[in-house]
Amino acid sequence: MKRRALIAAALGTLVAASLAASASADPQAGARSEAAAVSCRGTINIGNLTVLTGPAAFLGQSQQSWAELAAKRVGAQLGLRARVIGFDTTLDPAVALTAAQRLVGNRSVIATIGPATSGGVAATSRTLADARVVHVTPSATAAALTKGGSPTATGFFYRIVADDSVQGTGQAKYAIDRLNADKATVFDAQEPYSVGLANTVERYLERRNVTVQRLSVTNSTSDFSSFVTRIPSDTDVVFTPFQVAANANQIAVLLKEQGKRAVVFGGDGTVDPAFKVPGSYVSNFAPDLASIPGRAAILNAWRRDNPGRTPDVFGPPAYGAVQSILYAVKRACAGKSSVERINVKRKMKSGPIPNWILGGSFRYSSKTNDPLNGGFWLYQVQANGSLKQIGRL
Amino acid sequence: MDYDKLFQTIVNAATLGSTYALIALGYTIVYGILKLLNFAHGDVFMVGAYVGFGILTLFGGALDPSISIWLVLILMTIAAMVACAVLGVVIERFAYRPLRSAPRIAPLISALGVSFFLSYSVQLLFGAQQRTYDSFNWDGGKLFEPAITIGSFTISWLRVITIVASIVLMLALWYLVSRTRTGKAMRATSIDLDAAAMMGIDIDKVIRFAFVLAGALAGAAGVLFALRTYLVPSMGFTPGLFAFTAAVIGGIGSIPGAMLGGILLGTVEALTVTYVTEWIGIPVGLSNLVIFSLLIVFLLIRPQGILGRPDIKKV
Amino acid sequence: MSEAQGPRIGEDEWVARSGENIERHRLLRLADRVPGWARLLLFVAAVAAIPLITDDGYINVVVFDTLIFCLLAIGLNVVVGWGGLLDLGYIAFFGVGAYTYAILSSEQFGLHVSSFAVLAISVVVGALLGLLVGLPSWRLSGDYLAIVTLFVYQIFISLATNGNDLFGFDLTGGVNGIANLDPFDLFGRELVVAKQGIFNSNYVYLALGIFVVVFVALYLVNHSRIGRAWRALREDELAAELMGMPTDWLKLLAFAFGAAVAALTGSLFASLKVGVFPETFSLTLLITVYAMLILGGVGSQTGAVLGAVVVYVFLEALRDPDVSGWVFYVTILLALLLVVRPRWMVAGVLAATVAFGFVVHAIAGAIDETWTTSAGPDADSVTRFLDAWVVIPATPGDARAIAYIGLIALVLFCTTVKGVWRWLALVPTLYLAAFVWENIMSADPDVTRFVLLGALLVSVMVIRPSGILGERRVEIV
């Protein structure tokens, strides 16, 4: 008897829940669908979906500091009061999704920079697009986000740095043309960034008839000795597009230890003091800021705001992303007193962005939301561990 | 026949195996007495590596040490061994001892909690990003220069130091366990705890000794491991898992078994990555899968391990 | 902190203290009087009310996630609590369920199977896998089984991350996972995941409904012959076997049930999350679920749910920098109230700590100005209050590690001493705790919450191994 009552109660609850669900199949209709408008004269809140904690936290912290600088300086130049709010995505795309949902629920946030990782973009672009939030990434370089048959990201996704199809192809081309490589090994670390970049490199190499060995390590592999042992001693180039520079460095060190002559190419994820075997190459989507004339003032301003820290190459693109958004906001605010999320989207590509942090002025491509003439820069590690800029890929 | 590749694989196997053996010894010693899977042991290993890092920083870092870098290495190892021995004793005293009469699952869960606590605490204090001893730049790169040359094949100083140090430690352990009184008491306790207690052996002291040994070995292993790889708060998990498996394969509770198991597992790993995955034709990223599958099969066939005694339950 | 009384000759200690125990658990016994179905109804009503009160998408996601964890906890309870087996690969089944949904309801293979059918398939797949994974339990006992299940988990992760190239066949999307999953379809009506980015609260009701069904189903199983057989198995495996029970099959059954529940939960989880990625199914997740079950009480379904709610809310609250400080200090306060006797002494200890703090603050400020930063002009009153007596140096440097280790040492010290020494030691301990929080922990809430969870897990195990509502067991060796 008791048992039957229980079963009845259970089924009854399920039915009730289902009815409730199907009855109100149109949730939060009405007032919610009206996006809140933000006053042009008040504080413009820009989100920053990035990796603030975890192994890649240096990336997010750097981006946040440069974004805050941009909000101050560019905001002052444009007569806007802007603020950057960080939302931690970590490296787990599912956490990125929760962060995006939190951001979207904050009605005062008008647009966002980031997500910083390609996996994060894939997971959150639809949620952000549904809420009409423009997201401009300064670091997610997976080509599949905007290119290919079915791009993973939505139309609200923008990128102000070139993508991996440029980086991978560029590196491979340099290795073949300048270093005469005809045998190569390509690593990946079983996560979206490295796999995407590795695939691009491998494809180009194979097209140019280079013998390619592909090796895949897990993110928990710590001792690469056995992997390096597999690399034939007549290999010319080893590509290590890792996000963890110390791993790439270990491979370079092991190659020397095992008497192999191959030269190591790291990706933009390995631009880090830990990657320091002289002679290795590394590429990045931004040139060294100090090499661009006229940027000393910005560098000094950043140093003043961030005592004790050294500027890196990842931060300035975040500055650029904020520039892009603030110009769109300024254009959307022309002649109006308030602005909504959708207005920002409409003005994103309505004009060039002058005084671009990475030199010259910036334009988006008319076909995709990628930069019109995005490029990657190649560096080589010197004997004292510093990076020397070689040129554009 | 690529002899260079073969020799290199042998060296890799020895290096990997020695690390696993050192950690496995810690697992087996503790399990032998307490019948407890010390999940936190891998993280003790990790703490050892970080203590080494702290000492290295204290003496000025890899590039500009205030005393000879080789002396620093010795100090790092000693400091790590001491710190981990103390850590092991503290963990035992506060997380395991209160649970000696609790159901078997309780200290296991407690160990999981300690493991969690340790790795996230280190992350809190040191950050989650990778750090290195920068061993490539020690003394102008001396560590990676050849120490032994056989024809065209070379073994670097790093490997030699790692393997020799591990052998020395294992010999020291063997001496402590088989030739000293406390060692004898330890062996007696691991055979039958109650009988040993009734014979007048101070069980608490024996257990403390066991954790000191386990911790010291793990600490040393941590420094040696970080010397050729890197440091990250989660670095203890996979080596810990592999080392525990090595202990089980060798026969848990048996000290020579742990050493054997460690070497064996190191060899399996080196062979799988370098040769086997190529032969079978699967991507090398699946090597872990191969290794784990083999281990499961082995455990099912012979659960007591190679040198272990079958576990007979007396009613 | 009452003194433990030594055993008296001729009296059983447990029996002698039974009066004290009954007195202590008066509150729990009150809760016991409320019949099971009423408690369930109360829970359902409370959860169902939340989406009606607030339409903040984030809160609704948190509620949904809490229900997912509740489901995971009661599923784990079957394996660990009722079957008595340590399954460290539990999250693998959760992942399998999620990937099943992803494979059957997305563009990956162009399949769009109806959602309830997917749930049913997940349950079957989970059960079959559970049977498979449970097979080693026939040959291996507790600890070995734990290791084998851990291997199974590693194999799952390995397959999930490399599954995009299984002999040329893309099964799991590899590292990128499978994105753009179909939303749940309820009898033909599609449940939109989010409207303008705001999470659809109907998912909460869906999860609630499924939770109730699973909860009741498991309850019925536990009160059937199988449940009774499991209890016998837990108490004394050898005796059960000698009585003729098919212990091997019973263990397998526990595994299968747990795995089936986990797989079901995985599918439900995937339907909301838009995508499945290998990183989600981490070891941290496994230990979190274990913590929930342990805290709530192994063997008790209500305990599992309670543990899940408490731990998850605790974790989420600690993530928010504004709320986390409150949560930390309130938790310490509660811990003090629970442990310190007589209760009024708590106020005394707190006052002493603050006074101690003022003294230290003054001394530190006198030695070096940068050792005590002052709160900015727009800090709230609580921050200003804390700032007055907690030393917050501008550049903590090495002091962080020293303070942290010092705090751990002091806390452990407090547990070993008794009497007056304990009062005295408590004051610097509390001060150091505030110091560590303000300087180290609050800067990194995502990491801190797991540190605290680990500490909580150990503490609960040591103080009360059976959890809050678990059945207390005495093992006869």
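Residues numbered from 1 in each chain as written. Chains lettered and ligands numbered in written order. Predicted model: local features only at pLDDT ≥ 70, side-chain atom pairs only at ≥ 80, totals over all residues. Heavy atoms only, no water.

When its secondary structure is counted, chain B shows 11 helices and 2 strands. Counting from the amino terminus, chain B carries its helices and strands in the arrangement α-α-α-α-β-β-α-α-α-α-α-α-α. Taken along the three principal axes of its C-alpha coordinates, chain B extends 60 × 50 × 40 Å. A burial count over chain B gives 60% of its 315 residues as buried. Long-range pairs, those at least 24 residues apart, make up 75% of the contacts in chain B with a sequence separation of at least 6. Carbon and sulfur atoms provide 67% of the accessible area of chain B, an area that totals close to 12,400 Å². (Helix = DSSP H or I, 4+ residues; strand = E, 2+ residues; numbered from the N terminus. Buried < 20%, exposed > 50% of the residue type's maximum accessible area, 1.4 Å probe, protein only. Contact = heavy atoms within 4.5 Å. Areas by Shrake-Rupley, 256 points an atom, 1.4 Å probe, with all protein chains shown as cover.)

Below, the discussion takes up the packing of aromatic side chains. Applying the stated criterion to the full structure yields 42 aromatic pairs over all chains. Taken together, a centroid distance of 5.4 Å and an interplanar angle of 55° make the contact between Phe45 of chain B and Phe225 of chain B tilted. Residue Phe45 of chain B is found in helix H2 (residues 41–58), and its partner Phe225 of chain B is found in helix H8 (residues 203–228); the two are separated by 180 residues along the sequence. Comparing Phe45 of chain B with Phe225 of chain B shows no difference in burial state: the two are buried. Where Trp230 of chain C meets Phe257 of chain C, the ring centres are 6.0 Å apart and the plane angle is 90°; that geometry is what we call edge-to-face. With Trp230 of chain C in helix H10 (residues 225–235) and Phe257 of chain C in helix H12 (residues 247–273), this pair connects stretches of sequence that are 27 residues apart. Through pairs of rings, three or more aromatic residues link up here, namely Phe94, Tyr99, Phe156, Phe269 and Phe281 of chain C. Directly above the ring of Phe156 of chain A sits Lys345 of chain A, whose terminal nitrogen or CZ lies 5.3 Å from the centroid. (Phe/Tyr/Trp six-rings, centres within 6.5 Å; stacked < 30°, edge-to-face > 60°. Lys NZ or Arg CZ within 6 Å of the ring centre and 35° of its normal.)

On to the interface of chain B and chain C, then. With 48 residues of chain B at the contact, the number on the chain C side is 49 residues. Here chain B and chain C share an interface that buries about 4,700 Å² over both sides, 80% of which is from carbon and sulfur atoms. Of all residues in chain B, Phe116, Leu124 and Leu125 of chain B bury the most surface against chain C, accounting for 16% of the area lost on that side. If you look at where chain B meets chain C, you find 0 salt bridges. (Buried area = accessible area lost by both parts, 1.4 Å probe. Salt bridge = Lys/Arg side-chain N within 4 Å of Asp/Glu carboxyl O.)

On to the state of the cysteines, then. Residue and element names in this part refer to chain A. This model, assessed by the stated rule, comprises 1 disulfide over all chains. Paired by a disulfide, Cys40 and Cys333 hold their sulfur atoms 1.9 Å apart. Between Cys40 and Cys333 the sulfur-sulfur dihedral comes to about -90°; the bridge is accordingly left-handed. With Cys40 in the loop between strand E1 (38–39) and strand E2 (43–50) and Cys333 in helix H10 (residues 315–333), this pair connects stretches of sequence that are 293 residues apart. A residue is classified by how much of its surface remains accessible, and Cys333, at 10% relative accessible area, is buried. (Disulfide = S-S within 2.5 Å.)

A word on a nonpolar patch on the surface. Taken together, Leu71, Ile74, Leu75, Ile78, Val82, Val86 and Val90 of chain B make up a surface patch of nonpolar side chains, about 570 Å² in accessible area. Inspection of the secondary structure assignment puts Val82 of chain B in helix H3 (residues 69–96). (Patch = residues over 30% accessible without salt bridge, like charges linked within 9 Å, V, L, I, M, F, W, Y side chains within 5 Å.)

Residues and elements named next belong to chain C. Relative to each other, helix H5 (residues 57–82) and helix H13 (residues 283–296) sit at 75°, their axes nearing to 9 Å. When the axis of H5 is compared with that of H13, the two are roughly perpendicular. Listed contacts from H13 to Phe69, Leu72, Ala73, Leu76, Asn77 and Val80 of H5 are Leu285, Thr288, Val289, Tyr290, Met292 and Leu293. Residues that form the contact of H5 with H13 fall into these classes: 10 nonpolar, 2 polar and no charged. (Axes fitted to C-alpha atoms, helices over the stretch in contact; angles between N-to-C directions. Parallel < 35°, antiparallel > 145°, perpendicular 65-115°, else oblique. Nonpolar A, V, L, I, M, F, W, Y, C, P; charged D, E, K, R; others polar.)

Turning our attention to the sheet that holds strand E7 (residues 183–188) of chain A. All names here are of chain A. Here we have 7 strands laid out as an open sheet, ordered E8-E7-E9-E10-E11-E13-E14, and mixed in their pairing. Of all the strands in the sheet, just strand E8 (211–216) and strand E14 (387–392) have a single pairing partner and so form its edges. For this sheet, the mean inter-axis angle between neighbouring strands, taken without regard to orientation, is 25°. Both strand E9 (residues 237–240) and strand E10 (residues 263–266) contribute to a ladder of 4 bridges, which runs parallel. Pairing of Val238 across the sheet is with Val264, part of E10. Sheet contacts for helix H8 (residues 245–257): E7, E9 and E10; angle to E9, the most-contacted strand, approximately 160°. (Pairing = 2+ DSSP bridges.)

Glancing now at the domain arrangement of chain C. Considered domain by domain, chain C is made up of domain 1 (28–317) and domain 2 (323–443). If you average the C-alpha positions of domain 1 of chain C and of domain 2 of chain C, the two centres end up 40 Å apart. (Domains from an automatic or database assignment.)

This paragraph deals with the side chain of Glu92 of chain B. Residue and element names in this part refer to chain B. By the element assignment, Glu92 lies in helix H3. Within the local environment of Glu92, its side chain forms a polar contact with the side chain of Arg100, the two groups lying 3.1 Å apart. Residues contacting Glu92, with those up to four places away along its chain left out, are Arg97, Arg100, Ile207 and Phe211. (Polar contact = N/O pair within 3.5 Å; in protein donor to acceptor, adjacent residues only side chain to side chain.)

Turning our eyes to something else, we now look at the pairing of E7 of chain A. Residues and elements named next belong to chain A. The element E7 is extensively covered by neighbouring structure, given that 5 of its 6 residues are classed as buried. Pairing between E7 and E8: 6 bridges, direction parallel. In the sheet register, Asp188 faces E8, and the bridge partner there is Ser216. With respect to chirality, the unit in which E7 leads through helix H6 (residues 192–207) into the neighbouring parallel E8 is right-handed. Of the strand pairs in this sheet, E7 and E9 are connected by 3 bridges, and their pairing is parallel. Each bridged residue has a counterpart across the sheet, and for Ala184 the counterpart in E9 is Val237. (Right-handed = clockwise from strand over helix to strand, strands pointing away.)

All names here are of chain B. If you trace the backbone, Leu217 turns up in helix H8. Residues Leu217 and Ser156, spaced 61 residues apart in sequence, show a C-alpha to C-alpha distance of 23 Å. Setting aside residues no more than four positions away along its own chain, Leu217 makes contact with Leu22, Leu25, Leu169 and Leu173.

Residue and element names in this part refer to chain A. Pairing is parallel across the open sheet formed by 5 strands, whose spatial order is E3-E2-E4-E5-E6. Each of the sheet's edge strands pairs with one partner strand only, and the pair in question is strand E3 (81–88) and strand E6 (157–159). Direction aside, neighbouring strands of the sheet carry axes that sit 30° apart on average. As defined by bridge partners, strand E5 (residues 135–137) adjoins E6 across 3 bridges and the pair is classed as parallel.

This part takes up the environment of Arg178 of chain A. Residue and element names in this part refer to chain A. Position of Arg178 among the secondary structure elements: in the loop between helix H5 (164–177) and E7. Residue Arg178 is classed as exposed on the basis of its relative accessible area of 58%. Placed 142 residues apart in sequence, Arg178 and Gly320 show a C-alpha to C-alpha distance of 32 Å.

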